[in-house]
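Coordinates in review
Here's the letter readout for the chains.
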Amino acid sequence: MTDKEQMSLFALTPSEVPELPQAEEASEALPLKKTSRSTKATATVAIAVPVDEQFASLDALREVACNCQKCPLAATRTNVVVERGDRNAKILIIGEAPGEQEDLSGLPFVGKSGQLLDKILESVGFDTNKDVYICNTVKCRPPNNRVPTEVEMNTCKPYLLEQIRLIDPKIILLTGATSLKSIMGEKRGISKIRGQWLEWEGRLVMPIFHPSYLLRNQSREQGSPKWLTWQDVKAIKAKYLEIIGADSLVVDEEEEF
Ligand code: SF4
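From a predicted model like this one, the values you see are computed outputs, not experimental measurements. What you see as residue numbers is a count from 1 along each chain, following the sequence as written. Thresholds applied to this predicted model are a pLDDT of at least 70 for local features of residues and 80 or more for the giving and counting of side-chain atom pairs; totals over whole chains, interfaces and linings are not thresholded and use all residues.

Moving on, we get to the overall build of the protein chain. Scanning the protein chain from terminus to terminus reveals eleven helices and seven strands. Exposure in this text rests on C-beta crowding, where 20 or more other C-beta atoms within 10 Å of a residue's own make it buried, 12 or fewer make it exposed, and counts in between make it partly exposed. The C-beta atoms are placed from the backbone. Taken over 257 residues, the protein chain has a buried fraction of 42%. Numbering of helices and strands runs from the N terminus; a helix is a DSSP stretch of H or I covering at least four residues, while a strand is a stretch of E covering at least two.

Structure below.
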């Protein structure tokens, strides 16, 4: 697949562009800056989910989360949105919160943003049904797609931390400012830190632009958010292939690139 063909997989028509949560847009509208591809150690806080909030399995987590009333979002949701993808995946992708389509379907990233996320992943040969596991920072839709509050994020965080522990991914992708803040406590804007390999709890973490931001920035020019994301997803695929072994790297390179 040529570079041009690969970038074309990111394309959606303007009518498919969804509304973007305000805070997400504000944080991502910071000036773009080149970032390092090297893995950087970052100060981390040990995961400390209380024993009574830990789960023996993802099925047990799902059952409890689907009946959760712990924060105000329970009052306005249609469905609790816990997960999609493969529970054995080496890559875990964390978004912000369910939107309208996710709330209705009970699945994360199934609206326009989710369709673009799938296209991005597929452009480098990932199978979104078996290579990734996808979830959100909070499991219930905030009214009018607003950004989740600190209270909502913190109340829901044990579910997220338990998902990470039970999936045990090698790579975590943080899409947008909210998941970056929830996991890394990072206050810098996503534009300043995207594309960098960070380390958190012994895992490789890369912040990337939220797909909804890319839908509102359609340019594919060098240095544009889409172009930068294309560089990021290629780096992610290369790291993934490195993790699963050199033999796979040879086979996949011939098949996908
Ligand atoms: S967002 Fe999380 S903590 Fe709040 S009600 Fe839903 S599952 Fe419970």
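pLDDT expresses, on a scale from 0 to 100, how confident the predictor is about each individual residue. Here the protein chain shows a mean pLDDT of 84. Residues at 70 or above account for 77%. Distance between backbone-placed C-beta atoms decides contact: two residues are in contact if it is within 7 Å. Predicted confidence for residues 249-257 stays below pLDDT 50, and this span has seven contacts to residues more than four positions away or in other chains.

Before going further, it helps to examine the site of the ligand. By definition, a residue lies near a molecule or strand when the C-beta atom built from its backbone is within 6 Å of it. C68, C71, A74, C140 and C156 are the nearest of the 13 residues found near the ligand. Counting residues per element, the shell around the ligand draws most heavily on helix α6 (residues 150-167), which supplies three residues.

Attention now moves to the environment of E100. When you line up the elements, E100 lands in helix α4 (residues 100-105). A residue is classified by how many C-beta atoms lie within 10 Å of it, and E100, with 14 of them, is partly exposed. The sequence separation of E100 and R77 amounts to 23 residues, and the corresponding C-alpha distance is 9.6 Å.

Now for the nonpolar core. Note on soluble globular proteins: their nonpolar side chains tend to be buried together. Of all hydrophobic cores here, the largest spans 55 residues; its most connected members are L92, I94, V132 and L173. A total of six residues in this core trace back to one element, the largest contributor, which is α6. Other than its neighbours up to four places away in sequence, I94 contacts C135, N136, T137, L160, I172, L174, T175, S179 and I183. Put simply, a nonpolar core is a cluster of buried Ala, Val, Leu, Ile, Met, Phe, Trp, Tyr and Cys residues tied together by C-beta atoms within 7 Å.

Attention shifts here to unusual backbone geometry. Unlike most non-glycine residues, N144 shows phi in positive territory, near 55°. Looking at where N144 falls in the secondary structure, it is placed in the loop between β4 (132-136) and α6. Under the C-beta neighbour-count criterion, N144 is labelled exposed, with 9 such atoms within 10 Å. In this structure, D168 takes a positive phi of about 55° despite not being glycine. By the element assignment, D168 lies in the loop between α6 and β5 (171-175).

Okay, the pairing of β4 next. Burial of β4 is extensive: five of the five residues sit out of reach of the surface. Residues V132, I134 and N136 line one face of β4 and the alternating positions Y133 and C135 line the opposite face, and both faces are buried. By the bridge criterion, two bridges tie strand β2 (residues 84-85) to β4 in an arrangement that is antiparallel. Looking at β4, one finds that R84 is bridged to I134. The sheet contact formed by strand β3 (residues 91-95) and β4 spans five bridges and is parallel. Residue pairing for β4: I93 is matched across the bridge by I134. Strand pairing is defined by DSSP finding a minimum of two bridges between the two strands.

Throughout, an axis means a line fitted to C-alpha atoms (over the contacting stretch in the case of helices), and angles, computed between N-to-C directions, take values from 0 to 180 degrees. Here helix α3 (residues 58-65) crosses α6 at 165°, and the two axes come no closer than 10 Å. If you check the angle between α3 and α6, you find them roughly antiparallel. The way α3 lies across α6 gives a crossing that is left-handed. Judged by residue contacts, L58, L61 and A65 of α3 engage Y159, E162, Q163 and L166 from α6. Under the scheme applied, nonpolar residues are Ala, Val, Leu, Ile, Met, Phe, Trp, Tyr, Cys and Pro; charged residues are Asp, Glu, Lys and Arg; polar residues are all the others, including Gly. Split into classes, the residues belonging to the contact of α3 with α6 amount to five nonpolar, one polar and one charged. Each angle receives one of four descriptions, namely roughly parallel if under 35 degrees, roughly antiparallel if over 145, roughly perpendicular if within 65 to 115, and oblique otherwise. By convention, the crossing between two helices is left-handed when the near helix turns anticlockwise from the far helix through less than a right angle, and right-handed when the turn is clockwise.

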